[in-house]
Amino acid sequence: TYPPEVEKVPKVGDAFNVNFEAIAQLKPDLVYIFFDRFVPDLEKLGVPVLYVKSPATFEDVKYQMRLWGQIVGEPAAGESIAAVFEAKLAQFRGKVAGVTTPPKVYIDVSPMLWTLGSGSLADEFLKLLKAQNVFSDVSGAKQVSGEEIVARAPDVIVSTYPGGGDQFKGDPALSSLPAVQKGRLCE
């Protein structure tokens, strides 16, 4: 949905479903994909495919900024964007330098209680902010149970989808979480 101009771009799928017929009809110069599971099917269409794994670290993010600068023929712009990103990271580090008691945070990425642990960009962001990911012992993405969340008692819940906080307010077990009790639900 951002920037608004993308509303005019034909939708050919999402991270989990791809409309191969629609892609073939568009005759793209390049298909960029961040999950490898569709690469063989896309290659069968005869379209150029660029598979670049989703970034898991800030270094990966900067690399991809530079990569896209190269791809679109604007390497200086890619370098500039990466430099701005690094400067913003430094600003954040300065703002949280005095944090001594990290809040415990649950990252909610799906209505089915999926979260992100170590090896994810979300975990790296929490480290930058001196927050504790309550599922940092999990590698990558994992579905967890309400009981596991209750046992880890997050102070803050960050939900990455609209309405995500509602499931915590509406569930009697989850509504007892410190984050819910204190109204520290972020979407």
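Here the structure is shown first, and the text comes after it.
Please read these numbers as outputs of a predicted model, since none were measured by experiment.

*Asks:* Describe the packing of helix H3 (residues 58–71) against helix H4 (residues 75–95), listing the residues and the values that go with them.
*Replies:* In contact at an axis separation of 6 Å, H3 and H4 are set at 160° when each is read in the N-to-C sense. In terms of axis orientation, H3 runs roughly antiparallel to H4. Between H3 and H4 lies a crossing whose hand is right-handed. Along the contact surface, H3 presents Phe58, Val61, Lys62, Met65, Arg66, Gly69 and Gln70, while H4 presents Pro75, Gly78, Glu79, Ile81, Ala82, Phe85, Glu86, Leu89 and Arg93. Looking at the contact of H3 with H4 residue by residue, the class counts come to eight nonpolar, three polar and five charged.

*Asks:* How would you summarise a nonpolar patch on the surface if you had to cite specific residues and measurements?
*Replies:* A contiguous nonpolar surface patch, about 390 Å² in accessible area, is contributed by Phe16, Tyr32, Phe34 and Phe35. With respect to the helices, strands and loops of the structure, tyrosine 32 is situated in strand S1 (residues 31–33). Owing to a relative accessible area of 35%, tyrosine 32 belongs among the partly exposed residues under this scheme.

*Asks:* Account for the packing of aromatic side chains, naming residues and giving values.
*Replies:* Scanning all chains against the criterion turns up eight aromatic pairs. Between the aromatic rings of phenylalanine 58 and phenylalanine 125, the centroid separation amounts to 5.0 Å while the plane-to-plane angle is 80°, which identifies the pairing as edge-to-face. Residue phenylalanine 58 is found in helix H3, and its partner phenylalanine 125 is found in helix H5 (residues 121–128); the two are separated by 67 residues along the sequence. The buried category is assigned to phenylalanine 58, whose relative accessible area is 5%.

*Asks:* Please set out the nonpolar core residue by residue, giving values where relevant.
*Replies:* Across soluble globular proteins, nonpolar side chains have a tendency to be buried as a group. By size, the foremost hydrophobic cluster in this structure holds 13 residues, and its most contacted members are Tyr106, Phe135, Ile149, Ile157, Phe168 and Leu177. When near neighbours in sequence (up to four residues on either side) are disregarded, isoleucine 157 contacts Tyr106, Asp108, Phe168, Leu177, Ala179, Val180, Arg184, Leu185 and Cys186. Grouped together as the second largest cluster of nonpolar side chains are seven residues, Ile23, Ile33, Val39 and Leu42 included.

*Asks:* So what's going on with the environment of alanine 15? Residues and values would help.
*Replies:* Position of alanine 15 relative to the elements: it lies in the segment before helix H1 (20–26). A C-alpha to C-alpha distance of 8.4 Å links alanine 15 and isoleucine 33, two positions 18 residues apart in sequence. Aside from chain neighbours lying at most four places away, what touches alanine 15 is Phe34, Phe35 and Phe38.

*Asks:* Account for the sheet that holds strand S3 (residues 104–108), naming residues and giving values.
*Replies:* Strands sit in the order S5-S3-S7-S8 across an open sheet of four strands; the sheet is parallel. Among the strands making up the open sheet, the edge pair consists of strand S5 (132–133) and strand S8 (185–186). In this sheet, S5 lies alongside S3 in parallel orientation, the contact comprising two bridges. Bridge pairing in S5 places lysine 104 opposite glutamine 132. Along the sheet, H5 makes contact with S3 and S5, crossing S3 at roughly 155°.

*Asks:* How would you summarise the pattern of salt bridges if you had to cite specific residues and measurements?
*Replies:* Following the criterion strictly, the structure yields six salt bridges and no others. The partner of aspartate 137 in a salt bridge is arginine 152, and the shortest N-O contact between them spans 2.7 Å. Separated by 15 residues along the polypeptide, aspartate 137 in the loop between S5 and strand S6 (141–143) and arginine 152 in helix H6 (residues 146–152) bring together distant segments of the chain. For arginine 152, a relative accessible area of 26% gives the class partly exposed. Because the salt bridges share partners, they merge into one network encompassing Glu59, Lys62, Glu86 and Arg93.

Rules behind the numbers
Residues numbered from 1 in each chain as written. Predicted model: local features only at pLDDT ≥ 70, side-chain atom pairs only at ≥ 80, totals over all residues. Heavy atoms only, no water. Axes fitted to C-alpha atoms, helices over the stretch in contact; angles between N-to-C directions. Helix = DSSP H or I, 4+ residues; strand = E, 2+ residues; numbered from the N terminus. Parallel < 35°, antiparallel > 145°, perpendicular 65-115°, else oblique. Left-handed = near helix turned anticlockwise from the far one by under 90°. Contact = heavy atoms within 4.5 Å. Nonpolar A, V, L, I, M, F, W, Y, C, P; charged D, E, K, R; others polar. Patch = residues over 30% accessible without salt bridge, like charges linked within 9 Å, V, L, I, M, F, W, Y side chains within 5 Å. Areas by Shrake-Rupley, 256 points an atom, 1.4 Å probe, with all protein chains shown as cover. Salt bridge = Lys/Arg side-chain N within 4 Å of Asp/Glu carboxyl O. Buried < 20%, exposed > 50% of the residue type's maximum accessible area, 1.4 Å probe, protein only. Phe/Tyr/Trp six-rings, centres within 6.5 Å; stacked < 30°, edge-to-face > 60°. Core = buried A, V, L, I, M, F, W, Y, C linked by side-chain atoms within 4.5 Å. Pairing = 2+ DSSP bridges.

Function-wise, these values are silent; they only describe arrangement.
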